[in-house]
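Coordinates in review
The residues making up each chain are set out below.
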Amino acid sequence: MEFAVAAGFNASEEIRAANQFGKSLRLFTASQVASATPLDELQQITQGWARSSASVLAGVGSPFSRGFSAVCYFTGRRLAEERGISIGLIDASWGGSHIAHWVTANATQNCRGPVHHTKLGTTEEWEAPGDMFNAMVVPFTRTPIFGVLFYQGESDTAGESKASYQQSLDYACAFEAMIASWREHWHAQSDTVLEMAFGFVQLSVWGDRENNTCGDATTTADSDSCAVAVVRYGQTANHGFV
């Protein structure tokens, strides 16, 4: 989800065109912060609310900015154009993160395997389950929203080790639990409807094994794992490469 507009095809052209959507799009970027406990407020903001513009989209002028999420921006822009409405877009993403960071251990207690601690980037600190959810999602739950876009998964696909393979088998359960948890949090803290829209992209695998993620209907169990209301998912088959 972190993949920025600036890193995509026709980036220069798309960034220049951002000024045309200043009246219909407002962009906000949360900084990459983790916390072992839920936070009421963001600890750091990369880009506060601003009209869509070339500089905001590319992250010019911010010492922390990585540029705005391409998936978030293009989806929001299309909705604004097709529906003739103004939309606020929040980029709260962290590339390469495991799903364990975005869902609490309590929410996944009924899943087959534990949501384990993982290491962030090049740091030596091992972070707790749900730490990105606590710091980058919970602070927004008091704000009514219409939906979520979720683009994540490569780090949870099957690797070479048995432990890594088991981790991929647990993904479907954790993903469904995460959707339910996010909806419950937002509904409890704001006027957001309980079944807010949740859109996600099914990613490919690393290597040649089955990834068994939600939406991969190669088995009955995988097909049933997507029995969640009001979700939309897009395939990446034949689009780009991993």
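Rules used throughout
Residues numbered from 1 in each chain as written. Predicted model: local features only at pLDDT ≥ 70, side-chain atom pairs only at ≥ 80, totals over all residues. Heavy atoms only, no water. Phe/Tyr/Trp six-rings, centres within 6.5 Å; stacked < 30°, edge-to-face > 60°. Helix = DSSP H or I, 4+ residues; strand = E, 2+ residues; numbered from the N terminus. Buried < 20%, exposed > 50% of the residue type's maximum accessible area, 1.4 Å probe, protein only. Core = buried A, V, L, I, M, F, W, Y, C linked by side-chain atoms within 4.5 Å. Expected span 1.5 Å × (residues − 1). Pairing = 2+ DSSP bridges. Axes fitted to C-alpha atoms, helices over the stretch in contact; angles between N-to-C directions. Contact = heavy atoms within 4.5 Å. Salt bridge = Lys/Arg side-chain N within 4 Å of Asp/Glu carboxyl O. pLDDT = per-residue confidence, 0-100.

Take the packing of aromatic side chains next. Evaluated as defined, the whole model comprises twelve aromatic pairs. Judged by centre distance (4.9 Å) and plane angle (70°), the rings of F175 and F200 are edge-to-face. With a gap of 25 residues between them, F175 in helix α6 (residues 171-189) and F200 in strand β7 (residues 197-202) connect regions that are remote in the sequence. When sorted by exposure, F175 lands in the same class as F200, which is buried. Taken together, the aromatic side chains of F133, F150, Y171, F175, W182, W186, F198 and F200 make up a single cluster linked through ring pairs.

So, about the nonpolar core. Within the largest apolar cluster, 28 residues are counted, with the highest numbers of intra-cluster contacts made by W102, F150, F175, M178, W182, W186 and F198. Residue assignment for this core shows that the elements contributing at least two residues are β1 (25-30), α4 (131-137), β6 (147-150), α6 and β7. The element best represented in this core is α6, accounting for seven residues. Grouped together as the second largest cluster of nonpolar side chains are 16 residues, V5, L25, Y73 and L89 included.

The next subject is α6. Spanning 19 residues, α6 covers 27 Å between terminal C-alpha atoms, matching the ideal 27 Å at 1.5 Å per step. All of the buried residues in α6 are Y171, A172, A174, F175, A177, M178, I179, S181, W182, R183 and W186.

Attention now goes to the sheet that holds strand β3 (residues 87-91). Within the open sheet, the three strands sit side by side as β2-β1-β3. Their pairing is mixed. Of all the strands in the sheet, just β2 (45-51) and β3 have a single pairing partner and so form its edges. Averaged over all pairs of adjacent strands, the angle between their axes in this sheet comes to 10°, without regard to strand direction. One ladder, built from five bridges, connects β1 with β3; its direction is parallel. The residue bridging L27 from the neighbouring strand is L89, located in β3. Across the sheet, helix α3 (residues 70-83) lies against β1 and β3, angled at about 170° from β3, the strand it touches most.

This model, assessed by the stated rule, comprises three salt bridges. Where R77 meets E14, a salt bridge forms, and the shortest distance between an N and an O atom there is 2.9 Å. In this pair, R77 is assigned in helix α3 and E14 in helix α1 (residues 11-17), connecting sequence segments 63 residues apart. Its relative accessible area of 19% is what places E14 among the buried residues. For R142, the salt bridge goes to E41, with nearest N and O atoms at 3.0 Å. Taken together, the residues span a long stretch of sequence, with R142 in the loop between α4 and β6 and E41 in the loop between β1 and β2 at a distance of 101 residues.

The phi torsion at N10 lies on the positive side, around 55°, for a residue other than glycine. By the element assignment, N10 lies in the segment before α1. Under the relative-accessibility criterion, N10 is labelled exposed at 53%.

Right, let's get into the pairing of β1. Across the six residues that make up β1, a large majority, five, are buried. Strand direction decides the pairing type here: β1 and β2, joined by four bridges, are antiparallel. The residue of β2 that forms the bridge with A30 is I45.

Moving on, we get to the confidence of the model for the chain. Put simply, the chain has an average pLDDT of 80, and 69% of its residues get 70 or more. Contacts of residues 208-213 to residues separated by more than four positions or lying in other chains number 23 contacts, the stretch itself having pLDDT below 50. Predicted confidence is poor over residues 215-225, with pLDDT under 50, and the contacts of this stretch with residues over four places away or in other chains come to 16 contacts.

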